[in-house]
Amino acid sequence: MADGQKKGLEGVVIADTRLSRVQGDIGKLTYCGYDINDLAENASFEEVVYLLWHIRLPTKAELDEFHNALNAEMTLPDAVLDAMRAFPKGAHPMGVLRTAVSLLGLHDPEAEDNSPEANLRKATKLTAKLPTITAAWARLRKGKEPVAPRSDLGLAANFVYMLNDREPKQVEVDAINVYLVLLADHGVNASTFTSRVVTSTDSDMYSAVTAAIGSLKGPKHGGANEKAMRMFQEVAQAESVEKWFKDEVKGKGRRIMGIGHRVYKAPDPRAKILKKHAHELCKLNNNCGLLEVADKLAELAANDPYFIERKLFPNVDYYSAIVLDAAGIETDMMTPLFAMSRIAGWSAHIIEQWADNRLIRPRARYVGPENMEWVPLEKRG
Ligand SMILES: CC(C)(COP(=O)(O)OP(=O)(O)OC[C@H]1O[C@@H](n2cnc3c(N)ncnc32)[C@H](O)[C@@H]1OP(=O)(O)O)[C@@H](O)C(=O)NCCC(=O)NCCS
């Protein structure tokens, strides 16, 4: 690496933001000045979305109006649903979400209008429609008909209803709501950075969100919740958690999915909150097998010098996998739920980027061959 070059842009500040503050050294996260612990305890996802878009909490009347605006936008255009019916049933739900969001852009007459008012309307449409797409795909791929959203339910409850075609249980709604609150924004993570880079070219919100979904899909980012869940399932089949840790992590150098973070060098505050919810839910469901595996694995890592030296702690995806599983979310549907939450942050960052935009265009140091002589095709051996 050249002097001053930061591999993976580690520590590089690319923007001023008023949205979220991640203090990795002390394990603290705030949205517009509000501590994540207070928000997780008290806020609905809709209040958090409003907070991120307006940098203040809504009044009761504003929140009611926002609920109505979201509910009015939850239904998908027929053309998008019809296209989804033709998608391969085995397609990954994140691929489906990415494609469906891109399609939504084709069907929105405001897609190319980048004014602040149109961007806020598009942010509302996307926040409202991501749960509908996710729930519809969970059903369509099993040959079931999608369920239309209800106008009397909040976003988390509507999602649970559309997924299962039954009255949502409060415990499921609370679990999904707290998950959505905790994941709504997190500084300039990879997908948020992606959305800002796309926006910086003066491109539209659908393009930026489509790209962000592609970025979130990777297991080093949002895809980690699915991978963590699959890993817990694998460890549960092993002779013991200790043996799996010794063979796979210490022996083969496998990474524990859901552990480690680019910014947090202290415990991730979201993981602590989700761990508490995971314990409550497993007792309620009388099903604590995978949570015991997760706790044991985290304990082994917490006492291992390799993890201690590198300050590697469970991140948000570790216990969120257990919480989402307990709320009845299929493993490969977990990352779309991350997107259902992070759309709040992506859209807020896109709006913030538009307010003070300059093309994001870094450089690379060239290290390839120099002064090569052209060889005609017939003379190349
Ligand atoms: C999140 C993550 C990508 C951060 O990556 P990063 O800041 O680029 O850190 P690096 O990949 O350079 O890792 C730093 C060191 O910790 C180790 N490490 C990082 N995460 C690890 C994990 N989950 N298990 C084991 N070792 C890990 C690396 O091997 C590396 O060791 P080294 O110094 O001997 O080379 C990384 O911790 C990871 O892959 N975690 C698992 C996936 C995950 O949970 N992603 C969701 C993040 S919210």
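On a predicted model such as this, the values are computed, not experimentally measured, just so you know. (Residues numbered from 1 in each chain as written. Predicted model: local features only at pLDDT ≥ 70, side-chain atom pairs only at ≥ 80, totals over all residues. Heavy atoms only, no water.)

Draft legend 1. Local environment of the overall build of the protein. When helices and strands are counted, the protein shows 17 helices and 3 strands. Counting the 381 residues in the protein, one finds 51% classified as buried. Of the contacts formed within the protein by residues at least 6 apart in sequence, a portion of 76% connects residues at least 24 apart. Total accessible area computed for the protein in this model is approximately 18,600 Å², and 51% of it derives from carbon and sulfur atoms. For the protein, the separation between the mean place of its 49 positive charges and that of its 51 negative charges on side chains is 6 Å. (Helix = DSSP H or I, 4+ residues; strand = E, 2+ residues; numbered from the N terminus. Buried < 20%, exposed > 50% of the residue type's maximum accessible area, 1.4 Å probe, protein only. Contact = heavy atoms within 4.5 Å. Areas by Shrake-Rupley, 256 points an atom, 1.4 Å probe, with all protein chains shown as cover. Lys, Arg positive; Asp, Glu negative; His and termini not counted. Charge placed at Lys NZ, Arg CZ, Asp CG, Glu CD.)

Draft legend 2. Local environment of helix H14 (residues 289-302). Between the first and last C-alpha of H14 there are 20 Å, a value that for 14 residues agrees with the 20 Å anticipated at 1.5 Å per step. In this structure, the buried residues of H14 make contact with helix H11 (224-237), helix H12 (241-251), helix H13 (269-285), helix H15 (305-309) and helix H16 (316-326). (Expected span 1.5 Å × (residues − 1).)

Draft legend 3. Just the state of the cysteines, in detail. Summed over all chains, the structure comprises 1 disulfide. Put simply, Cys282 and Cys288 are joined by a disulfide, and their sulfur atoms are 2.0 Å apart. Torsion about the S-S bond of the Cys282 and Cys288 cystine: about 85 degrees, corresponding to right-handed handedness. On the accessibility criterion, Cys282 (5% relative accessible area) is buried. (Disulfide = S-S within 2.5 Å.)

Draft legend 4. The arrangement of helix H3 (residues 60-72) in detail. If you check H3, its first and last C-alpha atoms are 18 Å apart, about what 13 residues at 1.5 Å a residue would give, namely 18 Å. Taken residue by residue, H3 has Leu63, Phe66, Leu70 and Asn71 as its buried positions. Buried residues of H3, viewed axially, fall in a sector of 135 degrees; they line one side. Every exposed residue of H3 that faces more than 90 degrees away from the buried side is listed here: Ala61, Glu65, Asn68 and Ala72. (Arc of directions from axis to C-beta.)

Draft legend 5. Representation of the packing of aromatic side chains in the model. For the coordinates displayed, the defined rule picks out 7 aromatic pairs. Ring geometry for Phe87 and Trp137: centres 6.1 Å apart, planes at 55 degrees, overall tilted. Here Trp137 lies in helix H6 (residues 116-140) and Phe87 lies in the loop between helix H4 (78-85) and helix H5 (93-106), a separation of 50 residues in the sequence. As far as burial versus exposure is concerned, Phe87 and Trp137 are alike and both buried. (Phe/Tyr/Trp six-rings, centres within 6.5 Å; stacked < 30°, edge-to-face > 60°.)

Draft legend 6. Structural view of the site of the ligand. The environment of the ligand is formed by 18 residues, the closest being Arg255, Ile256, Gly258, Ile259 and Arg262. Ile256 is positioned with one of its backbone polar atoms (N or O) 2.7 Å from a nitrogen atom of the ligand. Looking at the shell around the ligand, its residues break down into 8 nonpolar, 5 polar and 5 charged. Two domains each provide a minimum of three residues to the shell around the ligand, namely domain 1 (15-222 + 332-355) and domain 2 (224-326). (Near = heavy atom within 4 Å. Polar contact = N/O pair within 3.5 Å; in protein donor to acceptor, adjacent residues only side chain to side chain. Nonpolar A, V, L, I, M, F, W, Y, C, P; charged D, E, K, R; others polar. Domains from an automatic or database assignment.)

Draft legend 7. Focus on the domain arrangement of the protein. Looking at the assigned domains, one finds that the protein contains domain 1 (15-222 + 332-355) and domain 2 (224-326). The C-alpha centroid of domain 2 is placed 26 Å from the C-alpha centroid of domain 1. Each partner contributes residues to the interface: domain 1 has 32 residues there, and domain 2 has 29 residues. Each partner contributes to the roughly 2,100 Å² buried at the junction of domain 1 and domain 2, and carbon and sulfur atoms together form 69% of this total. The interface formed by domain 1 and domain 2 contains 0 salt bridges. Taken together, domain 1 and domain 2 are joined by 10 residue pairs in polar contact (both at pLDDT 80 or more). The biggest single contributor to the side of domain 1 that touches domain 2 is helix H8 (residues 170-183), with 7 residues. Among the residues making up the side of domain 1 that touches domain 2, the classes are represented as 16 nonpolar, 10 polar and 6 charged. (Buried area = accessible area lost by both parts, 1.4 Å probe. Salt bridge = Lys/Arg side-chain N within 4 Å of Asp/Glu carboxyl O.)

Draft legend 8. Molecular detail of the sheet that holds strand S2 (residues 28-31). Pairing within the open sheet is antiparallel, and its 3 strands lie in the order S1-S2-S3. Across the chains shown, the open sheet's two edge strands, defined by having one partner strand only, are strand S1 (20-23) and strand S3 (34-35). Both S2 and S3 contribute to a ladder of 2 bridges, which runs antiparallel. If you follow Thr30 over to S3, its bridge partner there is Asp35. (Pairing = 2+ DSSP bridges.)

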